[in-house]
Amino acid sequence: MAYKNLEEYNLKVTEDVKARYKSIIEDLGEDTEREGLVKTPERAAKAMQFLTQGYDQDPIAILKGAMFKESYNEMVIVKDIELYSLCEHHILPFFGKVHIAYIPNGYIVGLSKLPRIVDVYARRLQVQERLTEQILDCINDTLKPQGVAVVIEASHMCMMMRGVQKQNSITTTSGFRGQFEKIETRNEFLKLIGK
Ligand SMILES: Nc1nc2c(ncn2[C@@H]2O[C@H](COP(=O)(O)OP(=O)(O)OP(=O)(O)O)[C@@H](O)[C@H]2O)c(=O)[nH]1
Ligand SMILES: [Zn+2]
């Protein structure tokens, strides 16, 4: 699955969003005719389509595309996956790291597919809790492993640049299914990701 190239932006959506951005920028008191801003409505329209492209992508198909029969049945962990998403309340970024673990049940999955499904769900208007659950459920329902765990640590720009203006707070969310509901398995995972 390739990520969106500039040529692939939906032209009608780009034109509509561009026109709206132009009037928003003007409402905010700027001059959209000045040199630096002439192309900004179009750039912003494309940037927002890039950042919300997850709506058009199928995370189940991504996982199913690289499932391999294997007898390995120990924990597999992919940690420190970079995350960039948009909070659905303010349309401002939240960003951080995702840690994923699963214990296979006859099938392993191509490792790169885990960060790919993170991106599919992150490139939407989100809240961190739902993002955590969607990643968890997608892996659980598709790969049907013995267990799956997801931890997300993120900073929210809406809490940093505006509002409460706290620069150092980190929000942690987590979800555990199957074997990870057992405390010793969960603790092994948390230890391995350095928590
Ligand atoms: N639970 C959760 N809340 C989030 C997330 N992203 C942003 N928020 C919060 O969404 C809430 C929206 O609250 P409102 O009171 O409607 O909005 P607001 O007046 O802009 O709130 P302040 O940010 O406190 O100024 C804020 O408390 C945000 O911190 C998220 O991923 N999960
Ligand atoms: Zn927000």
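Please read these numbers as outputs of a predicted model, since none were measured by experiment.

With that settled, the discussion passes to the side chain of histidine 156. Structurally, the position occupied by histidine 156 is in strand E6 (residues 147–156). One polar contact links histidine 156 to glutamine 128, side chain to side chain, over a distance of 2.8 Å. Dropping the residues within four chain positions of it, histidine 156 is found in contact with Pro93, Phe94, Gln128 and Thr171.

Let's shift gears to the packing of helix H4 (residues 113–122) against helix H5 (residues 128–143). Look at H4 against H5: their axes get within 10 Å of each other, and the N-to-C directions meet at 135 degrees. When the axis of H4 is compared with that of H5, the two are oblique. Along this stretch, H4 crosses H5, giving a crossing that reads as right-handed. Contacts between H4 and H5 involve Leu114, Ile117, Val118, Tyr121 and Ala122 from the former and Leu131, Gln134, Ile135, Cys138 and Ile139 from the latter. Among the residues forming the contact of H4 with H5, the class breakdown is nine nonpolar, one polar and no charged.

We now examine the UniProt feature "domain: GTP cyclohydrolase I" (unreviewed entry) in the protein. UniProt marks residues 18–193 with the feature "domain: GTP cyclohydrolase I" (unreviewed entry), using the numbering shown here. Annotation note: span residues 18–193, helix share 39%, strand share 28%, distance between end C-alpha atoms 42 Å.

Turning to the coordination of the zinc ion (ligand 2), a few remarks are in order. In ideal tetrahedral geometry, four donors around a metal make angles of 109.5 degrees, whereas ideal octahedral geometry with six donors gives angles of 90 or 180 degrees. Ligation of the zinc ion (ligand 2) by protein atoms is provided by Cys87 (SG), His90 (ND1) and Cys158 (SG), these donors lying 2.0 to 2.4 Å from the ion. The motif formed by the donor residues of the zinc ion (ligand 2), counted along the single chain, is C-x2-H-x67-C. Look at cysteine 87 and you get buried, because its relative accessible area is 3%.

So, on to the site of ligand 1. What surrounds ligand 1 is the set Cys87, His89, His90, Val127, Gln128, Glu129, His156, Cys158, Met159, Arg162 and Gly163. Between ligand 1 and the protein, one listed contact pairs an oxygen atom with a side-chain N or O atom of histidine 90 at 2.7 Å. A distance of 3.3 Å is found between a nitrogen atom of ligand 1 and a side-chain nitrogen or oxygen belonging to histidine 156. Protein chains bury 50% of the 630 Å² of accessible surface belonging to ligand 1 in isolation. Secondary-structure elements contributing two or more residues to the shell around ligand 1 are H5 and helix H6 (157–160). Of the residues belonging to the shell around ligand 1, the class tally is four nonpolar, five polar and two charged.

Listed under "binding site: Zn(2+)" (unreviewed entry) in the UniProt record, and renumbered for this structure, are Cys87, His90 and Cys158. On the basis of their most widely separated C-alpha atoms, the annotated residues across 72 residues gather in one place, lying no more than 7.9 Å apart. Here cysteine 87 shows up in strand E2 (residues 76–87). Those residues in contact with cysteine 87, other than ones at most four positions away along the chain, are Leu92, Phe94, Gln126 and Cys158. The topology assignment puts histidine 90 in the loop between E2 and strand E3 (93–103). What histidine 90 contacts, discounting residues up to four positions off in sequence, is Cys158 and Arg162.

What counts, and at which threshold
Residues numbered from 1 in each chain as written. Chains lettered and ligands numbered in written order. Predicted model: local features only at pLDDT ≥ 70, side-chain atom pairs only at ≥ 80, totals over all residues. Heavy atoms only, no water. Helix = DSSP H or I, 4+ residues; strand = E, 2+ residues; numbered from the N terminus. Polar contact = N/O pair within 3.5 Å; in protein donor to acceptor, adjacent residues only side chain to side chain. Contact = heavy atoms within 4.5 Å. Axes fitted to C-alpha atoms, helices over the stretch in contact; angles between N-to-C directions. Parallel < 35°, antiparallel > 145°, perpendicular 65-115°, else oblique. Left-handed = near helix turned anticlockwise from the far one by under 90°. Nonpolar A, V, L, I, M, F, W, Y, C, P; charged D, E, K, R; others polar. UniProt positions renumbered as here; feature names shortened; annotations may be inferred. Donors = N, O, S within 2.8 Å, 3.2 Å for Na, K, Ca; no water. Buried < 20%, exposed > 50% of the residue type's maximum accessible area, 1.4 Å probe, protein only. Near = heavy atom within 4 Å. Areas by Shrake-Rupley, 256 points an atom, 1.4 Å probe, with all protein chains shown as cover.

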